[in-house]
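# Summary of structural features
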Amino acid sequence: MRTPSILAAVAALAVTAVAGCDAHDRAEGSADVPTVTLAFALPNDDVDPQIQLWVDEVHRKSHGTISFDFQRAAHGGDSDSESKIVADVRDGTVDLAWVGSRVFDRLGVTSFQPLMAPLLVDSYDLESAVFDAGIPQQMLAGVADIDLQPVGILPGPLRRIFSLGEPLTSPDAFDGRVIGSTDSVVADLTWAALGATGQAMPTGADISGLDGAEQQLGSIVGNHYEDKGMTSITANLSIWPRPLVIVANPEAWAALSEDHRAVMTDAAVDIADDALAMTRTEDASAARSECAFGVPMETASGSELAAFRSAFEPVAQEIAAASSDSSRWLEEITDLKSALAAPQETAGCDEEGSTSDAQAADAVAGEYEVTLTNADFDVCPADQRPDGDPSATLPLILELSGGIATVWEVTADGSRELGFKAPYSVFRDTLTLGDPGRGDITVTWALDGTDLTLTDMVGGECGDSVVWTSHQFERR
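The shown structure was predicted, so the numbers you read here are calculated from the model rather than taken from an experiment.

## Regarding the packing of helix α3 (residues 124-132) against helix α10 (residues 272-292)
Running from N to C, α3 and α10 cross one another at 165 degrees; their axes reach a closest spacing of 11 Å. Relative to α10, the element α3 is oriented roughly antiparallel. Our pair here, α3 against α10, has a crossing hand that is right-handed. Contacts from Tyr124, Asp125, Glu127, Ser128 and Asp132 in α3 reach Asp273, Leu276, Thr279, Arg280 and Asp283 in α10. Of the residues that constitute the contact of α3 with α10, the class distribution is two nonpolar, two polar and six charged.

## Considering unusual backbone geometry
In this model, leucine 119 sits at a positive phi of 65 degrees, which is unusual for a non-glycine residue. Structurally, leucine 119 can be placed in the loop between β3 (96-100) and α3. Non-glycine residue alanine 341 carries a positive phi angle of around 50 degrees. Examined against the element boundaries, alanine 341 turns out to sit in the loop between α12 (324-340) and α13 (358-364).

## A short note on the state of the cysteines
This model, assessed by the stated rule, comprises two disulfides. In this model cysteine 291 forms its disulfide with cysteine 349; the gap between the sulfur atoms is 1.7 Å. Between cysteine 291 and cysteine 349, the S-S torsion sits near -80 degrees, and that sign places the bridge as left-handed. Taken together, the residues span a long stretch of sequence, with cysteine 291 in helix α10 and cysteine 349 in the loop between α12 and α13 at a distance of 58 residues.

## Some words on the packing of helix α1 (residues 49-61) against helix α9 (residues 258-270)
One way to put it is that α1 packs onto α9 with a least axis distance of 9 Å and a crossing angle of 130 degrees. Our classification of the angle between α1 and α9 gives oblique. Crossing of α1 over α9 shows right-handed handedness. In this structure, α1 uses Trp54, Glu57, Val58 and Lys61 to contact α9, whose residues at the interface are Val263, Met264, Ala267, Ala268 and Asp270.

## Description of the pairing of strand β19 (residues 451-458)
Note: strand β18 (residues 441-448) against β19, six bridges, orientation antiparallel. Among the inter-strand pairings, tryptophan 445 is bridged to a residue of β19, identified as leucine 454. Hairpin geometry of β18 and β19 is characterised by an intervening segment of two residues between the two adjacent antiparallel strands and by a positive phi of about 70 degrees at glycine 449. Judged from the two bridges that link them, β19 and strand β20 (residues 473-475) form a sheet pairing that is antiparallel. What sits directly across from aspartate 451, in β20, is glutamate 474.

## Here we look at the sheet that holds strand β14 (residues 393-401)
Across a sheet, strands are paired by hydrogen bonds formed along the backbone, either parallel or antiparallel in direction. In spatial order, the strands read β13-β14-β15-β16-β17-β18-β19-β20; together these eight strands close into a barrel with antiparallel pairing. Ignoring which end each strand starts from, the neighbouring axes of this sheet average 35 degrees apart. Two elements, strand β17 (residues 430-433) and β18, share four bridges in a ladder whose sense is antiparallel. Each residue of the ladder has a partner; that of leucine 431, found in β18, is valine 443.

## Some words on the environment of valine 143
Within the secondary structure, valine 143 is located in the loop between α4 (135-140) and β4 (149-154). In this structure the C-alpha to C-alpha distance between valine 143 and isoleucine 404, which are 261 residues apart in sequence, comes to 44 Å. Setting aside anything within four residues of it in sequence, one finds valine 143 in contact with Phe104, Val109, Phe112, Leu148, Gln149, Pro150 and Val247.

## As for the packing of aromatic side chains
Scanning the model with the defined rule gives 13 aromatic pairs in all. Relative to phenylalanine 68, the ring of tryptophan 54 has its centre 5.5 Å away and its plane inclined at 35 degrees; by these criteria the two rings are tilted. Within this pair, whereas tryptophan 54 is found in helix α1, its partner phenylalanine 68 is found in strand β2 (residues 66-71), the two being separated by 14 residues in sequence. Considered together, tryptophan 54 and phenylalanine 68 belong to a single accessibility category, that of buried residues. Members of the aromatic cluster, each reached through a chain of ring pairs, are Phe174, Trp191, Trp240, Phe308 and Phe312.

## Details of the environment of valine 458
Note on placement: valine 458 falls in strand β19. Its relative accessible area of 52% is what places valine 458 among the exposed residues.

## Let's talk about the side chain of glutamine 344
As for its position among the elements, glutamine 344 is in the loop between α12 and α13. A relative accessible area of 17% means that glutamine 344 is categorised as buried. In terms of polar contacts, glutamine 344 uses its side chain to reach the side chain of arginine 309, at 2.6 Å. In contact with glutamine 344, not counting residues within four places along its chain, are Leu119, Asp122, Asn236, Leu237, Ser238, Leu305 and Arg309.

Reading guide: rules and limits
Residues numbered from 1 in each chain as written. Predicted model: local features only at pLDDT ≥ 70, side-chain atom pairs only at ≥ 80, totals over all residues. Heavy atoms only, no water. Axes fitted to C-alpha atoms, helices over the stretch in contact; angles between N-to-C directions. Helix = DSSP H or I, 4+ residues; strand = E, 2+ residues; numbered from the N terminus. Parallel < 35°, antiparallel > 145°, perpendicular 65-115°, else oblique. Left-handed = near helix turned anticlockwise from the far one by under 90°. Contact = heavy atoms within 4.5 Å. Nonpolar A, V, L, I, M, F, W, Y, C, P; charged D, E, K, R; others polar. Disulfide = S-S within 2.5 Å. Pairing = 2+ DSSP bridges. Phe/Tyr/Trp six-rings, centres within 6.5 Å; stacked < 30°, edge-to-face > 60°. Buried < 20%, exposed > 50% of the residue type's maximum accessible area, 1.4 Å probe, protein only. Polar contact = N/O pair within 3.5 Å; in protein donor to acceptor, adjacent residues only side chain to side chain.

Here it is in structure tokens:
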């Protein structure tokens, strides 16, 4: 989840343009295949990029006969939101959903636990090998035990540890600490093994009162925890991955045509490599953002990592004891790790340096203001427009300083609320804004006296174009 956005009132585009299908696509040429729209619950405000890849592939393969009505941030703010989303799928409140694989052991399904064995899958190369071996796809069948229809599983980002005090680079540093984490049995066992207490936290949770937390880098950037007490990230403590599990209501699934069911299951397999590649890119971009924000990237030493692995051995033993399948999968992943010998994934800062033109950066630096109205978004698709009075205004302040672009929403009482924050660079007349979630946005800039005009936007969505290019920004 990214920061509360200047586009928070504008839902992201749910249905992308549909390309023509390949000759082997299941729904091609099937004139009798009905068009269906499925209610799809999301745990976050946005469609995660891995899920968007799957959605795009489903549209392509189905020739546009499958679309989705996204139910965003389902049970947002609840620490057990993913368990509640699963319940919504089971009782037919929604047709399908995605949740992290982590939640299922809380619901009695232990098949995904070997993926979450702490510090086992600790690199993207290993995660790729595990998916190529088909191990997560075998685990997926376990959701049928709690009356869910398995649809697919996608590789997801590695979760890192961040601190709100001293760096968390050794097992001793966790002793007596409170660690924010996803709601999971394995997570509870992991923190207990370090003498810490786990505290289930929802997406975008308040982190005050915690000593640290586990999150993927994209979420750390998106929630701007560097402004909320975070003091460092342990760059090489990739505690576990967060695979994305897509499940459906069995009755809703049975009502679909055989072709539609095949399209959705095939799509999850077909885009797995692309989903992992996107995850790597998002991770690297998020790391660069946190470095630009001045967040220290701490590292655990070799001996400290060895101490972590020793502390986690009882957790792995408990996972193996859950079932013969869990024991086998744990052994298979361990064997893959040994054979691959991939280095521990370590987040780092891009040392290549910025191409920013110092003179141009100095010229554009400063504070600017602009006021948008709801009506400005009428150029966008309906699901990207704000609700309410078309004349309602949104005053914004844009601050460009020290390589960081910040957009503040000005509230009725004149106070500022963070709407957007990202690194930026300037080269000649081009300004580039970093965004780990959706990729960079570039615009052409020009100053006319005190007015900053941004044009020719590349990247982003329609709503972004409204914010950045529909009006001039006046220097304050």
